[in-house]
Amino acid sequence: MDIAGNPSSPLYGVGAEFASAVDLVRVAKELRAAGYESFDVFSPFPIHGMDKAVQSRRSPLGRIVFIGGLTGFLAAVALQYIPSAVIYPLIVHGKPFGFFAIPAYFPILFETTVLFSAFTAFIGLLMMIGLPRFNHPLFNWDRFKGVSADGFFAVIESRDPKFSKDETGRFLESLGGSNVTVIHED
Amino acid sequence: MAEGTLSPVEERARASVERAPLVAPGRTRGWISDYVSSIVEAKTPRWWWVAISITGTLLLVLIACTTYLVATGVGVWGNNHPVGWAWDITNFVFWIGIGHAGTLISAILFLTRQKWRTSINRAAEAMTLFAVICAAIYPTMHVGRVWMSWFLIPVPNANGIWQNFRSPLMWDAFAVLTYFLVSVLFWYTGLIPDLATLRDRATTKVRKFFYGILALGWRGGNRQWRHYEMAYLLLAGLSTPLVLSVHSVVSFDFAASVIPGWHTTIFPPYFVAGAIFGGFAMVLTILIPARAVYRPLGDLITVSHIDKMCKVLLFTGSIVGYAYLMEMFMAWYSGNPFERATFWYRATGPYWWAYALMILCNVAVPQLLWFRFFRTHVIWVFVIAMFANVGMWFERFVIVATSLTRDFLPSSWGMFHPTWVDIAMFAGTFGLFGTLFLLFIRFLPMICMFEVKAVLPSANPDSGGKL
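How each quantity is defined
Think of each chain on its own: its residues are numbered from 1, step by step along the sequence as written. To read the labels, note that chains go from A and ligands from 1, taken in the order they are written. The predicted nature of this model means local features are confined to residues of pLDDT at least 70 and side-chain atom pairs, given and counted, to a pLDDT of 80 or more, with totals for whole chains, interfaces and linings taken over all residues. Each side-chain value is derived from all of the structure's non-hydrogen atoms; neither hydrogens nor water enter the calculation. Counting from the N terminus, the helices are the DSSP runs of H or I reaching at least four residues and the strands are the DSSP runs of E reaching at least two. All radius of gyration figures rest on C-alpha atoms, and the globule criterion is 2.2 Å times the number of residues raised to 0.38. A simple rule labels every residue: compare its accessible area, found with a 1.4 Å probe on the protein chains alone, to the largest value its type can have, and call it buried under 20%, exposed over 50%, or partly exposed in between. When checking whether two residues touch, look at their non-hydrogen atoms; a contact exists if any pair is within 4.5 Å. To measure how exposed things are, a 1.4 Å probe is used in the Shrake-Rupley method; for residues, cover is taken only from the protein chains shown. Domain start and stop points were drawn from an automatic or database domain assignment. A 1.4 Å probe defines the accessible area here, and the buried area is the portion of it lost by two parts on being joined, summed over both. Salt bridge, as applied in this entry: a Lys or Arg side-chain nitrogen positioned within 4 Å of an Asp or Glu carboxyl oxygen. In protein, a polar contact means a hydrogen-donor-capable atom and an acceptor-capable atom, both N or O and within 3.5 Å, with residues adjacent in sequence counting only if both atoms are side-chain atoms; elsewhere, any N or O pair within 3.5 Å suffices. A pair of strands is labelled paired if DSSP reports no fewer than 2 bridges between them. Here an angle of 0 to 180 degrees is reported between the N-to-C directions of two axes, which are lines fitted to C-alpha atoms, with helices fitted over the stretch in contact. By definition, no residue in a patch forms a salt bridge, and every one has over 30% relative accessible area; like charges are joined within 9 Å, nonpolar side chains (Val, Leu, Ile, Met, Phe, Trp, Tyr) within 5 Å. In this analysis, rings of Phe, Tyr and Trp, with Trp reduced to its six-membered ring, are considered paired at centre separations within 6.5 Å, and the interplanar angle assigns stacked below 30 degrees, edge-to-face beyond 60, and tilted for intermediate values. Geometrically, a charge over a ring is one whose NZ (Lys) or CZ (Arg) sits within 6 Å of the ring centre while staying within 35 degrees of the ring normal. Within this scheme, the nonpolar core is defined by two criteria: the residues are buried Ala, Val, Leu, Ile, Met, Phe, Trp, Tyr or Cys, and they are joined through side-chain atoms within 4.5 Å. Should the near helix be turned anticlockwise from the far one by less than a right angle, the crossing is termed left-handed; should it be turned clockwise, right-handed. Only Asp, Glu, Lys and Arg are considered charged, only Ala, Val, Leu, Ile, Met, Phe, Trp, Tyr, Cys and Pro nonpolar, and every remaining residue, Gly among them, polar. Expected span of a helix, by definition, is 1.5 Å for each gap between consecutive residues, and there is one gap fewer than residues. To obtain the bend at a residue, axes are fitted to the seven residues ending there and to the seven starting there, and the angle between these axes is taken.

Novice: How should I be thinking about the overall build of chain B in this particular structure?
Specialist: Check the secondary structure of chain B and you find 16 helices and zero strands. For chain B, whose C-alpha radius of gyration is 24 Å, the value lies close to the compact-globule estimate of 23 Å for 467 residues. Overall size of chain B, expressed as C-alpha extent along the three principal axes, is 80 × 60 × 40 Å. In chain B, which comprises 467 residues, the share counted as buried stands at 59%. Residue pairs in contact within chain B that sit at least 24 positions apart in sequence constitute 80% of those at least 6 positions apart. Carbon and sulfur atoms form 71% of the exposed surface of chain B, whose accessible area is close to 19,300 Å².

In structure tokens form, the structure reads like this:
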């Protein structure tokens, strides 16, 4: 097995390279079946059906964005109501602020809701995937650079209860993995 | 049945049902990364320097004109009573409309699972951002005292004045700003995996640092992809109503007034269709030359892609044509003499040539796209797209100018004459747009690599995919 990173630093995991998206889905299923939990599969593009293969739950991002959107909506209500009705009441179209004037406030309610939702989606995404993070043990592995071109990788982390350096490496090899590598933290 | 036993008729039938591949056969994932990245990594080609010196010069013209305008006053434009909104608002609507095609391609076609969008969405979204930047210049300058434009932002100020949130101009400020920011987020989110590709390929320290920072440390694990796909879906879902709302709100600037020819309920859908029409024309206008310069891109942006874009152009162009007819019909059917007079004036008054040009460019010429020949020969497509670009500018000019030059009272009738500053600034915005686009081509991947890889047959585990 190859070694990536400084061998005297703690172990991060064991990784292997696979030939195709089809292989990677199969590997993910096998790893699950073998009882591994802390592993991840890496690919240059999102693979259809992978979520099912690794049995991950649906991303909760949608609910978070809903809360963000609701915040935006309420912010726009406050932003328009307080000046228009309290601080600086204006009579526009012959109407003071009131129920019949409400449609004229819709565009800003809508835009602000979308604005807050989009920012929540973006910031929520970064928080969920733990980015920005410019240093990661995987970047010690030279071959891993291929992941953004046409490489498919599976990495089992050492924190997995079933992890054992040699056995896990052999298991990855038996699944058809090449370039099985032990990855260290630094 | 074996291939050889098909009769010619059957073969033709099968060929007409089968879809053209989205990526030319034989182009692998590795090739896509290599080729698209190589555009960014290769030495700057000579044509690029020539092109940017032209657009850069125009950009300087824009900067000079803007400086002159701010220093002198908004009167350096030809706007005057009765045409208070003239080329500036025309150009504003023209540019912001162009942006809409980018969002349509990136969001609406994503939600409707039109996979052919993958090879054109990056460039189209970039076009959106640059077009919105060009558009934003005009209302900002049009306020006259530019340094007071922060008054649009609802913050407590020393005068104790607050905005009128019931004004379409205020809606516009919110809509355009939201549109720009959301488009930036959507674009950048889509760029992250591709920036990681450039980071991983980087050979120089500067590049490694630049793309490394921008890629945020993307690793491409399923733990990231699953949230990423959800975020992308959500952003697409948010952008879809947003893009429709933006041009609707822009049309409210006109429709919420009482001016004949503006005060109509058809405006929001009419403006949105026109925006998509004009935007697709601009997408074709920039992608066809890009495809000619970088020949292998033709394997990603195939003739089939161009053909599909032409169909959108034909469809939206026809909607716009329908809207022109409907406007005329409603003016007659309403029985309102001012409405009737305005439309009669539009088609037969001193601006008849602008109206005729608009009909020719937006309605008549795109009808050629019914013929496959015109949709599949890029030179023709380019010519037709150019017509549409011109036509959409004239559409906005016709709307803005003809309604304002003939108001209710003959005492407030008058013509509009652009000044040299009007003309130079409009040319200047093309310089800004072109400069930004050239910088984009040079420094960022102009094709969304990871999405194109995902539509290759080999990417789908169910296909038993090889490669």
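Novice: Whenever I open this one, the overall build of chain A confuses me. Can you help?
Specialist: The number of helices and strands found in chain A is five helices and five strands. Starting at the N terminus and ending at the C terminus, chain A contains elements arranged as β-β-α-β-α-α-α-β-α-β. Of all intrachain contacts in chain A linking residues separated by at least 6 positions in sequence, the fraction that spans at least 24 positions is 81%. By element, 60% of the accessible surface of chain A is carried by carbon and sulfur atoms, the whole surface being about 9,100 Å².

Novice: What is the right way to read the domain arrangement of chain A from this model?
Specialist: Interface size, as often reported, equals the accessible area lost upon joining of the parts. Domain boundaries assigned for chain A yield domain 1 (2-57 + 136-184) and domain 2 (61-128). If you average the C-alpha positions of domain 1 of chain A and of domain 2 of chain A, the two centres end up 45 Å apart.

Novice: Explain the interface of chain B and chain A to me, please; I cannot follow it from the model alone.
Specialist: Contacts between the two partners involve 60 residues from chain B, matched on the other side by 74 residues from chain A. For the pair chain B and chain A, the summed buried surface comes to about 5,800 Å²; carbon and sulfur atoms form 68% of the total. Contact with chain A buries surface across chain B, with R166, R219 and R223 of chain B losing the most and accounting together for 16% of the total. Connecting chain B to chain A are one salt bridge. A salt bridge links R223 of chain B to E157 of chain A; its shortest N-O distance comes to 2.8 Å. Counting across the chain B and chain A interface gives 21 residue pairs in polar contact (both at pLDDT 80 or more). Within the residue set of the side of chain B that touches chain A, elements represented by two or more residues are α2 (29-41), α6 (168-201), α7 (205-215), α8 (222-255) and α16 (449-454) of chain B. Looking at the side of chain B that touches chain A element by element, the count peaks at 17 residues for α8 of chain B.

Novice: When you look at the pattern of salt bridges in this model, what are you seeing that I'm missing?
Specialist: Oppositely charged side chains can form a pair if their charged atoms are brought close together. Tallied over the entire structure, the rule returns 15 salt bridges over all chains. Between E41 of chain B and R201 of chain B there is a salt bridge, with its nearest N and O atoms 2.9 Å apart. Of this pair, E41 of chain B sits in helix α2 while R201 of chain B sits in helix α6; the two residues are 160 residues apart in sequence, bridging distant segments of the chain. Look at R201 of chain B and you get partly exposed, because its relative accessible area is 25%. One network of salt bridges, with partners in common, ties together E157 and R159 of chain A together with R223 of chain B.

Novice: Quick question: what am I supposed to make of the sheet that holds strand β3 (residues 39-42) of chain A here?
Specialist: Pairing between sheet strands relies on hydrogen bonds along the backbone, with the strands arranged either parallel or antiparallel. Residue and element names in this part refer to chain A. Spatial ordering of the open sheet is given by β1-β5-β2-β4-β3, a layout of five strands whose pairing is mixed. Edge positions in the open sheet fall to β1 (2-4) and β3, since each of these has one partner strand only. Across this sheet, the average inter-strand angle for adjacent strands is 25 degrees, counted without regard to direction. The pairing of strand β2 (residues 11-18) with strand β4 (residues 152-157) spans six bridges and is classified as antiparallel.

Novice: Would you take a moment to explain a nonpolar patch on the surface for this structure?
Specialist: Residue and element names in this part refer to chain A. Together, F66, I67, L70, F73, L74, V77, Y81, I82, V86 and I87 line one region of the surface with nonpolar side chains, adding up to about 940 Å² of accessible area. By the secondary structure assignment, I67 is in helix α3 (residues 61-87). Judged by relative accessible area, I67 falls into the exposed class, the value being 54%.

Novice: What's the story with the pairing of β2 of chain A in this structure? I'm lost.
Specialist: Walk down a regular strand and you will see the side chains alternate between the two sheet faces. Residues and elements named next belong to chain A. In terms of burial, β2 is a largely internal element, seven of the eight residues being buried. As paired strands, β2 and strand β5 (residues 178-184) are joined by five bridges and run antiparallel to one another. Within the sheet, the bridge partner assigned to G15 lies in β5 and is T181.

Novice: How do you make sense of the packing of aromatic side chains when you look at a structure like this?
Specialist: Aromatic ring pairs are described here by two measures, namely the spacing of the ring centres and the angle between the planes. One pass over the structure, following the stated rule, counts 62 aromatic pairs over all chains. Judged by centre distance (6.2 Å) and plane angle (20 degrees), the ring pair of W141 of chain A and F144 of chain A falls under stacked. Take W141 of chain A and F144 of chain A: they sit in the same class, and that class is buried. Each ring, one from Y228 of chain B and one from Y232 of chain B, has its centre 6.1 Å from the other, and the planes form 20 degrees; the classification is stacked. Here Y228 of chain B pairs with Y232 of chain B, and both are found in helix α8, just four residues apart, close to one helical turn. Assessed through its relative accessible area of 1%, Y228 of chain B is described here as buried. For the cation-ring pair, K162 of chain A lies above Y36 of chain A, with the distance from its terminal atom to the ring centre recorded as 5.3 Å. Positioned above the aromatic ring of W31 of chain B, the side-chain terminus of R27 of chain B is 3.9 Å from the ring centre.

Novice: Would you explain the nonpolar core in this entry?
Specialist: Soluble, globular proteins show a tendency: their nonpolar side chains are buried together. One finds W95, F254, F280, M425 and F440 of chain B to be the most contacted residues of the largest nonpolar core, which totals 168 residues. Leaving out residues up to four positions away in the same chain, W95 of chain B has contacts with A131, C134, A135, Y138, M282, F426, T429, F430 and F433 of chain B. In terms of nonpolar packing, the next biggest core, distinct from the first, is built from 26 residues, L24, V25, M50 and F163 of chain A among them.

Novice: What's the story with the environment of R159 of chain A in this structure? I'm lost.
Specialist: As for its placement among the helices and strands, R159 of chain A is situated in the loop between β4 and α5 (165-174). Residues R159 of chain A and L131 of chain A, 28 residues apart in the sequence, show an inter-C-alpha distance of 21 Å. Every residue in contact with R159 of chain A, bar those within four places of it in the chain, is listed here: S38 of chain A together with R223 of chain B. Side-chain polar atoms of R159 of chain A contact the side chain of E157 of chain A, separated by 2.6 Å.

Novice: What is the right way to read the side chain of H136 of chain A from this model?
Specialist: Position of H136 of chain A relative to the elements: it lies in the loop between α4 (106-128) and β4. H136 of chain A sits in the buried class, given a relative accessible area of 5%. Excluding residues that lie within four positions of it along the chain, H136 of chain A makes contacts with Y12 of chain A together with R219 of chain B.

Novice: I keep staring at the side chain of T240 of chain B and nothing clicks. Help me out?
Specialist: Topologically, T240 of chain B is positioned in helix α8. With residues near it in sequence (within four places) discarded, T240 of chain B still touches A107, I108 and L111 of chain B.

Novice: What exactly am I supposed to notice about the packing of helix α10 (residues 303-334) of chain B against helix α11 (residues 337-348) of chain B here?
Specialist: What describes two packed helices is the angle between their axes and the distance between those same axes. Residue and element names in this part refer to chain B. Contact pair α10 / α11: the axes reach a minimum separation of 8 Å and the direction vectors enclose 145 degrees. Here the hand of the crossing between α10 and α11 comes out left-handed. Contact residues: E327, M328, A331, W332 and S334 in α10; E339, R340, F343, R346 and A347 in α11. Grouping the constituent residues of the contact of α10 with α11 by class yields five nonpolar, one polar and four charged.

Novice: Please clarify how α6 of chain B should be interpreted in this entry.
Specialist: Residues spaced three or four apart along an α-helix face the same direction, because each turn holds 3.6 residues. Residues and elements named next belong to chain B. For α6, which comprises 34 residues, the first-to-last C-alpha distance of 48 Å matches the rise-based estimate of 50 Å (1.5 Å per residue) to within 8%. At I192, α6 is bent by approximately 40 degrees, the largest bend along its length, and proline P193 sits one to four residues beyond. Along α6, 27 of the 34 residues are buried, which leaves the element largely enclosed by surrounding structure.

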